[in-house]
Every structure is written in C-alpha cells, then in structure tokens.
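Each chain, letter by letter, is given below.
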Amino acid sequence: MVTLSTLQTKQIVSMDTGARIGHVIDLEIDVETGLITDIIIGNRSSVSHIFQKQTEVIVPWKNIVTFGHDVILVNEKS
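Described in the following lines is the structure provided in the data block. (Residues numbered from 1 in each chain as written. Predicted model: local features only at pLDDT ≥ 70, side-chain atom pairs only at ≥ 80, totals over all residues. Heavy atoms only, no water.)

## Here we look at the overall build of the protein chain
Reasoning step 1: Helix and strand counts for the protein chain stand at one helix and six strands.
Reasoning step 2: Counting from the amino terminus, the protein chain carries its helices and strands in the arrangement α-β-β-β-β-β-β.
Reasoning step 3: Here the protein chain holds 78 residues, and the buried ones make up 26% of them.
Reasoning step 4: Sequence-distant contacts in the protein chain: of pairs separated by 6 or more residues, those separated by 24 or more amount to 29%.
Reasoning step 5: When the accessible surface of the protein chain is totalled, it reaches about 5600 Å², and 54% of it is carbon and sulfur. (Helix = DSSP H or I, 4+ residues; strand = E, 2+ residues; numbered from the N terminus. Buried < 20%, exposed > 50% of the residue type's maximum accessible area, 1.4 Å probe, protein only. Contact = heavy atoms within 4.5 Å. Areas by Shrake-Rupley, 256 points an atom, 1.4 Å probe, with all protein chains shown as cover.)

Structure, rendered in structure tokens:
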C-alpha cells in the first residue's frame, strides 16, 4: 500500500519527453467507486516567489506507467 504522503515525495517524470513535471499535490477520487481517477501535480519554477501561484497539471490515473523508488513515470498523451 502506498500513502499520499509517500506519493508526494516522488518526482513525476514524463515518459514522452523525459522532463520533470513536478510532485503530487493531491488526488481526485470517485466517491461512488472509491477509486483514484486523477493525480494533481504541482510545479513551481526554480525562481518561484513565495507568493507565486503554483501551476497545476491533472494527469489521469490510467496514464501512470510505473511507480519507481523515487519517481513516478507518466504518459502525458492519451
């Protein structure tokens, strides 16, 4: 079993480009089935300011390719 806090420590990497997308900041769950439908990824630029809004990317759960020790690989196309 993997907890949300464990997911939040992993870097999200695109299988398509190899680029780092960010980190998991939240999950979307279907309340009727109890299944995770999407992961919400947050990313701040390296020159981010404390008051700068974090950019969010929503990736469907089905686009997760694999969970590694310190990364989660996702397919952005789908």
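## Describing the sheet that holds strand 4 (residues 55–60)
Reasoning step 1: An order of 4-3-2-1-6-5 is seen for the six strands of this open sheet, with the pairing classed as mixed. The open sheet has two edge strands with one neighbour each: strand 4 and strand 5 (64–67). Strand-to-strand, the axes of this sheet are offset by a mean angle of 35 degrees, without reference to chain direction. (Pairing = 2+ DSSP bridges. Axes fitted to C-alpha atoms, helices over the stretch in contact; angles between N-to-C directions.)

## Quick notes on the nonpolar core
Reasoning step 1: If you look at the biggest cluster of nonpolar residues, it comprises 11 residues: Leu-7, Ile-12, Ile-21, Val-24, Leu-27, Ile-39, Ile-41, Val-59, Ile-64, Ile-72 and Val-74.
Reasoning step 2: Counting residues per element, the ones that place at least two in this core are strand 2 (20–29), strand 3 (36–43) and strand 6 (71–74).
Reasoning step 3: Top element by residues in this core is strand 2. It accounts for three residues.
Reasoning step 4: Once residues within four sequence positions are removed from consideration, Ile-64 is found in contact with Ile-39, Ile-72, Leu-73 and Val-74. (Core = buried A, V, L, I, M, F, W, Y, C linked by side-chain atoms within 4.5 Å.)

## Topic: the pairing of strand 2
It is a general feature of regular strands that their side chains alternate between the two faces of the sheet.
Reasoning step 1: Pairing of strand 1 (residues 11–14) with strand 2 involves three bridges; the strand directions are antiparallel. Across the sheet, the residue bridging to Gln-11 is His-23, located in strand 2.
Reasoning step 2: Hairpin connection of strand 1 to strand 2: five residues between the antiparallel strands, including Gly-18 at a positive phi of 80 degrees.
Reasoning step 3: In the sheet, strand 2 pairs with strand 3 via six bridges, with the strands oriented antiparallel. Considered in strand 3, the bridge of Asp-26 is made with Ile-40.
Reasoning step 4: The hairpin formed by strand 2 and strand 3 contains six residues between the paired strands, and Gly-34 there has a positive phi angle of roughly 80 degrees.

## Some details on the packing of aromatic side chains
In this description, an aromatic ring pair is defined by two values, namely the gap between the centres and the angle between the planes.
Reasoning step 1: Inspection of every chain in the model, using the stated rule, returns one aromatic pair.
Reasoning step 2: Aromatic pair Trp-61 and Phe-67: ring centres 5.8 Å apart, planes at 45 degrees, arrangement tilted. (Phe/Tyr/Trp six-rings, centres within 6.5 Å; stacked < 30°, edge-to-face > 60°.)

## As for the side chain of Lys-10
Reasoning step 1: Inspection of the secondary structure puts Lys-10 in the loop between helix 1 (4–7) and strand 1.
Reasoning step 2: This buried residue, Lys-10, is left without a salt bridge; Asp-70 holds the nearest opposite charge, at 6.9 Å.
Reasoning step 3: In terms of polar contacts, Lys-10 uses its side chain to reach the backbone carbonyl oxygen of Gly-68, at 3.0 Å.
Reasoning step 4: Polar contacts involving the side chain of Lys-10 include one to the main-chain carbonyl oxygen of His-69, which spans 2.8 Å.
Reasoning step 5: With near-sequence residues (within four places) excluded, Lys-10 lies in contact with Gly-22, His-23, Gly-68, His-69, Asp-70, Val-71 and Ile-72. (Lys, Arg positive; Asp, Glu negative; His and termini not counted. Salt bridge = Lys/Arg side-chain N within 4 Å of Asp/Glu carboxyl O. Polar contact = N/O pair within 3.5 Å; in protein donor to acceptor, adjacent residues only side chain to side chain.)

Just geometry here; none of it tells us what the structure is for.
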